[in-house]
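Residue-level structural notes
Letter by letter, the chains look like this.
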Amino acid sequence: MAMILSRLSSGFIVTYYNRIQVDEKKENLSWKAIGYCGADPEFQQQHSPFKTSKQEYKDIDGDGEKEELFGPLYRALINLKHPRTIVADNLRRFGFPISVRPKKIKIPANVSHPSLTIKCDAVVVGSGSGGGVVAGVLAKAGYKVLVLEKGNYCARSNLSLLEGPSMDQMYMSGGMLATDDMGVMILAGSAVGGGSTINWSASIKTPKHVINEWCDRYELELFDSKLYKEAMDVVCEKMGVQSEILEEGFNNAVLRKGCEELGYPVNDIPRNSPPDHYCGWCCMGCKDGRKKGTSETWLVDLVNSGNGVILPGCEAIKVLHKRRKARGRKTATGVAFQFEYAGEKDICIVESKVTIVACGALSTPPLLKRSGLKNANIGKNLHLHPVAMAWGYFPDAPLSGGWPEKEKKSYEGGIMTAMSTVVANTDESGYGAVLQTPALHPGMFSTLMPWISGADMKRRMLRFSRTAHIFALARDKGSGNVYSPNSISYQMETTDEENLKKGLDKILRVLAAAGAEEIGTHHCKGKSINVMKVSSHEFERFVKEESSRSLRNLNTQICSAHQMGSCRMGIDPKESVVNQKGETWEVEGLFVADASVFPTALGVNPMVTIQAISYCTAQSVLDVLKGKKSI
């Protein structure tokens, strides 16, 4: 309990001032002292806060100017805060048949008496790397597609690029989500575009050793198919994935230099952003649309097709299904969803020929359970890619060769451009850890640092802008359960912890080799060491001691930005939730398209794999729709 309280004190007290508190100029008095600029200066110069009256909207000329202001999806967004008749008329303009509840019915809207009933070919719940792909493919093929999204649409000039507001608006639970025992801090997107809106651009294809495992051990032929290879190529082309870097940011330059000095392998990370995308704020949305998440790619296809709409700010209550007389299996018939209107909950129904659930590994299992599905595997086998970090301080006045340059800041530059597989173990078990770099702005930085005292935290914060972080990300064998989006259990296996420790050992060496003056970890009892003032023997002893400390029982903050496996794909309904087509074993016409279908942990950033699997699932959905009469 003491450890929990100490983390809460650092996380809430320091975070409150460094992240949340801003004045009328959207500035914080402490930022200058810690070398932080707040929102991206280029963004602040180009955009004023998003305030546009109806008259100003009318005065904007052309789709291009409106797209620049409102983002590329504005034409297909349906505002559910408008009166029901206006919402119905807007949907009809897109070709969706609508039934409005008669005014004479006075009882509050419910599933039996919804305020609106909307008919479509396909309803997609979620708009991230899974749902966005499926929606775009189906709409482009000519089918009427309705996308339901719990989060809101935050695009371009509608962004704040301030840490506090961005976390509140674009992350589940405002970025303050954790496992039930608080052992793992979890970051998950909740906005139109899902995780692809706030992720760090890494676009890595499914590793070959993972494909081999899924094919051989789990007998999933999909992953060795021509379709899956095509899918990976298609989604990478759609996102403009490339590996060139014009200028590397502070953290990644440290990782690369340290690895090169030590002879460790280090590779460029493919990204869905251009070579000159020197931006450290991608975790708060993309200011110019050059990071190609689903809201800049697949959902744009949906908009341009004229066959789809997006309903932000609504939550799916349950998937609707019924049993056909001539068949044993139930058949999906649509979705009931709710949203807030005029201060009260309103409920609408979508009637569809197929239903695709793509809420992510934390929200898909609860929705399936609320819908009456009984498969015992729903919510189990959750993998989190646990992450442990170490840090290195590089003074403003470098001791050697003027590197890193004085003007370099830890929060600037491409978030992920370099990666080391020195402890990935890909040639043996396939379960190890990769070394990468995070996006840490002041609030998150202060939350992760162990609380020792006010004076210590002040010292750490004053060094914030020149403190590099590198993390080890484990391909975990350990797993957990999703009981609800806010109730999650998880247990690392011993091998996962050992792989993270091996990663921390290498990270401390990398930081020192890159020229850090002082290095340390986030362990609550951890020590730091001035690399310049110790002998090689003292250094080795320090690295061995610090990397061997226990990572359990809240001794260090373990983080997760990737959640997967909680509705896994398989060939046997006793061991899985969906088949190779992405269709649930229990309900016909109900598909799952997100990271929850992963058979195991992936071991690298999952965006390309999610999109590739979802692209394949979309082909299966198309086959189903071809046999049905379109609306």
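This one's a predicted model, so the numbers in the text were calculated from it and none came from an experiment.

1. Digging into the overall build of the chain
Secondary structure assignment for the chain yields 19 helices and 21 strands. Relative to the compact-globule value of 25 Å for 631 residues, the chain shows a C-alpha radius of gyration of 24 Å, a close match. Overall, the C-alpha framework of the chain stretches about 80 × 60 × 45 Å when taken along its three principal axes. Within the chain, the fraction of its 631 residues that count as buried is 59%. Of all intrachain contacts in the chain linking residues separated by at least 6 positions in sequence, the fraction that spans at least 24 positions is 74%. A total of about 25500 Å² of accessible surface is found on the chain, and carbon and sulfur atoms cover 50% of it. Within the chain, one finds 77 positive and 68 negative side-chain charges whose respective centroids are separated by 7 Å.

2. Remarks on unusual backbone geometry
Unlike most non-glycine residues, Met-182 shows phi in positive territory, near 65 degrees. Tracing the backbone shows Met-182 in the loop between strand S4 (177-178) and strand S5 (184-186). Phi angles above zero are rare outside glycine, and Asn-381 is one such case at about 65 degrees. Mapped onto the fold, Asn-381 is located in the loop between helix H14 (364-370) and strand S11 (387-393). Of the residues examined, Asn-381 reaches a relative accessible area of 18% and is grouped as buried.

3. Focus: the nonpolar core
Of all hydrophobic cores here, the largest spans 142 residues; its most connected members are Leu-91, Leu-146, Phe-223, Leu-311, Phe-337 and Ile-356. Sort the elements by how many residues they give to this core and helix H19 (residues 607-626) lands first, with 11 residues. For Leu-146, the contacting residues outside a window of four places in its chain are Leu-91, Phe-96, Ile-118, Cys-120, Ala-122, Val-123, Val-124, Val-309, Leu-311 and Val-350.

4. Regarding the pattern of salt bridges
Taken as a whole and assessed by the stated rule, the structure comprises 30 salt bridges. Close ionic contact of Asp-288 with Arg-290 constitutes a salt bridge, the shortest N to O distance being 3.4 Å. A salt bridge links Arg-459 to Glu-518, with the nearest nitrogen and oxygen atoms 2.8 Å apart. Of this pair, Arg-459 sits in helix H16 (residues 454-462) while Glu-518 sits in strand S17 (residues 518-521), and the two are 59 residues apart along the sequence. Judged by its relative accessible area of 7%, Glu-518 is buried. One salt-bridge network, in which partners are shared between bridges, spans Glu-497, Glu-498, Lys-501 and Arg-552.

5. Describing the environment of Ser-166
Among the secondary structure elements, Ser-166 is positioned in helix H8 (residues 163-170). For Ser-166, a relative accessible area of 2% corresponds to the buried category. Spatially, the C-alpha atom of Ser-166 lies 5.5 Å from that of Met-284, the residues being 118 residues apart in sequence. For Ser-166, the contacting residues outside a window of four places in its chain are Ser-160, Leu-161, Tyr-171 and Met-284. For Ser-166, the side chain forms a polar contact with the side chain of Ser-160, separated by 3.4 Å.

6. What about the pairing of S11?
Counting buried residues along S11, 7 of its 7 residues qualify, which places the element largely inside the surrounding structure. With burial as the criterion, each face of S11 is covered, one bearing Val-387, Met-389, Trp-391 and Tyr-393 and the other bearing Ala-388, Ala-390 and Gly-392. Bridge count for S11 against strand S14 (residues 467-474) is 7 bridges, and the pairing is antiparallel. Its bridge partner being in S14, Ala-388 is matched across the sheet by Ala-472. With 4 bridges joining them, S11 and S17 adopt antiparallel strand pairing. Each bridged residue has a counterpart across the sheet, and for Trp-391 the counterpart in S17 is Gly-520.

Rules used in this analysis
Residues numbered from 1 in each chain as written. Predicted model: local features only at pLDDT ≥ 70, side-chain atom pairs only at ≥ 80, totals over all residues. Heavy atoms only, no water. Helix = DSSP H or I, 4+ residues; strand = E, 2+ residues; numbered from the N terminus. Rg over C-alpha atoms; globule rule 2.2 N^0.38 Å. Buried < 20%, exposed > 50% of the residue type's maximum accessible area, 1.4 Å probe, protein only. Contact = heavy atoms within 4.5 Å. Areas by Shrake-Rupley, 256 points an atom, 1.4 Å probe, with all protein chains shown as cover. Lys, Arg positive; Asp, Glu negative; His and termini not counted. Charge placed at Lys NZ, Arg CZ, Asp CG, Glu CD. Core = buried A, V, L, I, M, F, W, Y, C linked by side-chain atoms within 4.5 Å. Salt bridge = Lys/Arg side-chain N within 4 Å of Asp/Glu carboxyl O. Polar contact = N/O pair within 3.5 Å; in protein donor to acceptor, adjacent residues only side chain to side chain. Pairing = 2+ DSSP bridges.

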